[in-house]
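Chain by chain, the residues run as shown.
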Amino acid sequence: MATFLVFTLLTLSSFSSPTQAEIFTSIGQMTDLIFTERELVQSLKEYIEAEEMKLEAVKSWANKLDMLTRVSTLDPEGFLAHPVNAYKLMKRLNTEWSELESLVLQDPSDGVRYNAELTVDDCFDMGKLAYNENDYYHSVLWMQQALRQMDSGEDAKTPKADILDYLSYSVYQMGDLPRAIELTRRLVAIDPSHQRAGANLHYFERLLSKELRDRGQGQQEPADEKPIQLDTYERPKDYLPEREVYEALCRGEGVKMTEKRRSRLFCRYQDGSRSPRLLLKPMKEEDEWDSPHIVRFLEALSDEEIEKIKELAKPKLARATVRDPKTGVLTVANYRVSKSAWLEGEDDPVIARVNQRIEDVTGLTVDTAELLQVANYGVGGQYEPHYDFSRRPFDSNLKVDGNRLATYLNYMSDVEAGGATVFPDFGAAIWPRKGTAVFWYNLFKSGEGDYRTRHAACPVLVGSKWVSNKWIHERGQEFRRPCGLTEVD
């Protein structure tokens, strides 16, 4: 378009220039204008064709988005429950709408694909993100997947050389020199002029030669040609000592539920020591674990109550915080990824009714409990292993109402994949079931913390997890803690 306009302006300016006015006095010279006009028409046609192609690309992009938004707006939570849909929404808003702007203002493009599968470019972006966080273990896995999909014939904007560049260096960081050399050689074969590849290859080969000499070997060991798998490299240790146990439980592995333990689990009707509100309709109660004792209450919330709680919480949702162990100040942390809101009994009769139900079924007063906390975990939302009770004797929050004696946790949604509450210390995994609630004590009767209750909210893989919890404090419970719900010492 710009070329056409410039050419037109230059041509027209030559017609209007005083120094060129005499061209009209010669038919011979004017015949040149016929051919000039023909070139202008051809340029105009090319411009129209380019604009039509660009418009078709924009139309195609708009039609695909129209179809996508028709589906997504029917059930927004259900649509975003799929992790790839959630990821692609963020990617569209962050990058692809900018690409559309460039398309409209500049050149046509091929449009954008919208499916529920991660592309080569998606995998590369995820690997690059891990790389930039110095998480070479996951960078290797993502880059390997990008390479695998590209080698299978999938088209991509990302050059293969870029994938090999990140992959080879990440593999080197994992301590696999032979494979790093093999990948770097592939990179040099593709792009001999690559800025870093040659230097890296020389450096890797020199390191490997030194290692071989130190081991008394005279030649380089051949690189392992097998594809890199999840268990190819040992995951580096990090700040979380129970990382492997925690993640295994989240996958449904390593649960220590034996037949002997199962034989000690029962179900019963709970009337809250003959609470008037539970006499005619007692709460159904199931044992989830024997020691420490964890129970699940069935039909703890109705669908109508759940929707009302979510409705009240949504306008107040904000990034969940944790208390800094050193300063005691509330702050956000990467190990807790969710949004939460706090609801008072005065906010709505439903909240007051839920608070009363918690008091009735546990036999504990909620007068000194914290407000009802509502939390929403989207895809990837999690809360890594932590204690609910405070381990800081100097904590000023303990002086009035005491420590967090017990936790009452409502599950307000089913979760298609992930989202379990796990206890790494004793190998328990409790899976969300909409309308149920789980309850356990965080403190022994002596007031000492039960360190076995360190627990985690597993990452949500598919779905959306809604919970609400009540942290019940010590004050006011001196004569209320029933014998039926106690830890097994």
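Refer to the structure above for everything that follows.
Since the model is a prediction, treat every value here as computed from it, not as a measurement.

Quick notes on the rules
Residues numbered from 1 in each chain as written. Predicted model: local features only at pLDDT ≥ 70, side-chain atom pairs only at ≥ 80, totals over all residues. Heavy atoms only, no water. Pairing = 2+ DSSP bridges. Helix = DSSP H or I, 4+ residues; strand = E, 2+ residues; numbered from the N terminus. Contact = heavy atoms within 4.5 Å. Axes fitted to C-alpha atoms, helices over the stretch in contact; angles between N-to-C directions. Core = buried A, V, L, I, M, F, W, Y, C linked by side-chain atoms within 4.5 Å. Buried < 20%, exposed > 50% of the residue type's maximum accessible area, 1.4 Å probe, protein only. Polar contact = N/O pair within 3.5 Å; in protein donor to acceptor, adjacent residues only side chain to side chain. Phe/Tyr/Trp six-rings, centres within 6.5 Å; stacked < 30°, edge-to-face > 60°. Lys NZ or Arg CZ within 6 Å of the ring centre and 35° of its normal. Parallel < 35°, antiparallel > 145°, perpendicular 65-115°, else oblique. Left-handed = near helix turned anticlockwise from the far one by under 90°. Nonpolar A, V, L, I, M, F, W, Y, C, P; charged D, E, K, R; others polar. Patch = residues over 30% accessible without salt bridge, like charges linked within 9 Å, V, L, I, M, F, W, Y side chains within 5 Å. Areas by Shrake-Rupley, 256 points an atom, 1.4 Å probe, with all protein chains shown as cover. Salt bridge = Lys/Arg side-chain N within 4 Å of Asp/Glu carboxyl O. Lys, Arg positive; Asp, Glu negative; His and termini not counted. Charge placed at Lys NZ, Arg CZ, Asp CG, Glu CD. Arc of directions from axis to C-beta. Expected span 1.5 Å × (residues − 1).

Here we look at the sheet that holds strand β15 (residues 437-441)
Here comes step 1: The nine strands are arranged β1-β2-β3-β15-β11-β18-β9-β8-β4 in an open sheet whose pairing can be described as antiparallel. Every interior strand has two partners, whereas the edge strands, β1 (267-270) and β4 (318-319), have only one.
Here comes step 2: Inspection of the sheet shows strand β2 (residues 283-289) paired to strand β3 (residues 294-298) by five bridges, in the antiparallel sense. The partner of Asp 287 across the bridge, within β3, is Val 295.
Here comes step 3: Together, β8 (339-343), β9 (372-377) and β18 (465-473) form the strand contacts of helix α12 (residues 303-313), whose direction differs from that of β8 by roughly 105 degrees.

Considering the nonpolar core
Generally speaking, soluble globular proteins have nonpolar side chains that are buried together.
Here comes step 1: If you look at the biggest cluster of nonpolar residues, it comprises 34 residues, and the most contacted ones within it are Phe 297, Ile 309, Tyr 408 and Phe 439.
Here comes step 2: Among the elements of the structure, β3, α12, β8, α13 (349-362), β9, β11 (404-411), β15 and β18 are those that each provide at least two residues to this core.
Here comes step 3: Counting residues per element, this core draws most heavily on α13, at five residues.
Here comes step 4: Residues in contact with Phe 297, not counting those within four places in the same chain, are Gln 270, Met 283, Lys 284, Glu 285, Val 361, Tyr 408, Gly 435, Thr 436, Ala 437 and Phe 439.
Here comes step 5: Tyr 136, Ala 146, Leu 167 and Ile 181 belong to the second-largest nonpolar core, a separate cluster that totals 29 residues.

Comments concerning the sheet that holds strand β10 (residues 382-386)
Here comes step 1: Taken in spatial order, the five strands make up an open sheet running β7-β10-β16-β13-β14, and their pairing is antiparallel. The sheet is open, and its two edges are formed by β7 (336-337) and β14 (428-430), each paired on a single side.
Here comes step 2: Judged from the two bridges that link them, β10 and strand β16 (residues 455-457) form a sheet pairing that is antiparallel. Within β16, the residue paired with Tyr 383 across the bridge is Ala 457.

Notes on the side chain of His 473
Here comes step 1: Take His 473: it is sitting in strand β18.
Here comes step 2: Polar side-chain contacts of His 473 include one of 2.6 Å to the backbone oxygen of Gly 402.
Here comes step 3: Ignoring sequence-local partners within four residues, the contact set of His 473 consists of Thr 368, Ala 369, Glu 370, Asp 401, Gly 402, Asn 403, Arg 404 and Leu 405.

Concerning the packing of aromatic side chains
Here comes step 1: Tallied over the full model, the rule gives 20 aromatic pairs.
Here comes step 2: Between Phe 124 and Tyr 166 the ring centres are 5.5 Å apart and the planes differ by 80 degrees, which places this aromatic pair in the edge-to-face class. You can see Phe 124 sitting in helix α5 (residues 120-132) and its partner Tyr 166 sitting in helix α7 (residues 160-173), a full 42 residues away along the chain.
Here comes step 3: When the centroid spacing of 6.3 Å and the interplanar angle of 45 degrees are considered together, the rings of Trp 342 and Trp 471 count as tilted. Of the two residues, Trp 342 sits in strand β8 while Trp 471 sits in strand β18, which places them 129 residues apart along the sequence.
Here comes step 4: With relative accessibility at 8%, the residue Trp 471 sits in the buried group.
Here comes step 5: Cluster of aromatic residues (ring-pair linked, three or more members): Phe 124, Tyr 131, Tyr 136, Tyr 166, Tyr 169, Tyr 172, Tyr 203 and Phe 204.
Here comes step 6: Over the face of the ring belonging to Trp 471 we find Arg 404, whose NZ or CZ atom lies 3.5 Å from the ring centre.

Brief notes about the packing of α7 against helix α8 (residues 177-190)
Any two packed helices are characterised by how steeply their axes cross, that is the angle between the axes, and by the distance between the axes.
Here comes step 1: Where α7 contacts α8, the two axes come as close as 8 Å, and the packing angle between them is 160 degrees. Relative to α8, the element α7 lies roughly antiparallel. As α7 packs across α8, the resulting crossing turns out to be left-handed. Along its contact with α7, which presents Lys 160, Ala 161, Leu 164, Asp 165, Leu 167, Ser 168, Val 171 and Tyr 172, the element α8 presents Leu 177, Arg 179, Ala 180, Leu 183, Thr 184, Arg 186, Leu 187 and Ile 190.
Here comes step 2: By residue class, the composition of the contact of α7 with α8 is ten nonpolar, two polar and four charged.

Considering a negative patch on the surface
Here comes step 1: Taken together, the side chains of Glu 46, Glu 49, Glu 52 and Glu 56 define an acidic patch exposed on the protein surface.
Here comes step 2: The exposure class of Glu 46 is partly exposed, given its relative accessible area of 48%.

Quick notes on α12
Every α-helix winds through 3.6 residues per turn, so residues three or four apart in the chain are directed the same way.
Here comes step 1: Within α12, the full set of buried residues consists of Glu 305, Ile 306, Ile 309, Lys 310, Leu 312 and Ala 313. Viewed end-on, α12 has its buried residues packed into an arc of 165 degrees, placing them on one side of the element.

What about the pattern of salt bridges?
Here comes step 1: What the rule picks out here adds up to 37 salt bridges.
Here comes step 2: Notably, a salt bridge pairs Asp 238 with Arg 243, separated by 2.6 Å at the nearest N-O pair.
Here comes step 3: Residue Asp 238 is classed as partly exposed on the basis of its relative accessible area of 34%.
Here comes step 4: Given the relative accessible area of 11%, Arg 243 is considered buried.

Side note on the pairing of β2
Here comes step 1: Taken across its seven residues, β2 has five buried, putting it largely inside the fold.
Here comes step 2: Bridge count for β1 against β2 is four bridges, and the pairing is antiparallel. When the sheet's bridge partners are listed, Gln 270 is paired in β2 with Met 283.
Here comes step 3: In this structure, the hairpin formed by β2 and β3 is closed by a connection of four residues.

Overview of α8
Here comes step 1: With 14 residues, α8 should reach 20 Å at 1.5 Å per residue; the first-to-last C-alpha distance of 20 Å fits that figure.
Here comes step 2: Among the residues of α8, those classed as buried are Leu 177, Pro 178, Arg 179, Ala 180, Ile 181, Glu 182, Leu 183, Thr 184 and Leu 187.
Here comes step 3: Against α7 and α9 (197-214) lie the buried residues of α8.

Structural notes on unusual backbone geometry
Note: most residues except glycine have negative phi, and most peptide bonds are trans.
Here comes step 1: Cis geometry is found at the peptide bond from Ser 291 to Pro 292, where omega equals 0 degrees.
Here comes step 2: Positionally, Pro 292 belongs in the loop between β2 and β3.
Here comes step 3: At Ser 273, a position not held by glycine, the phi torsion is positive, near 55 degrees.
Here comes step 4: Relative to the helices and strands, Ser 273 resides in the loop between β1 and β2.
Here comes step 5: Residue classification places Ser 273 among the exposed residues on the basis of a relative accessible area of 65%.
Here comes step 6: At Glu 299, a position not held by glycine, the phi torsion is positive, near 50 degrees.

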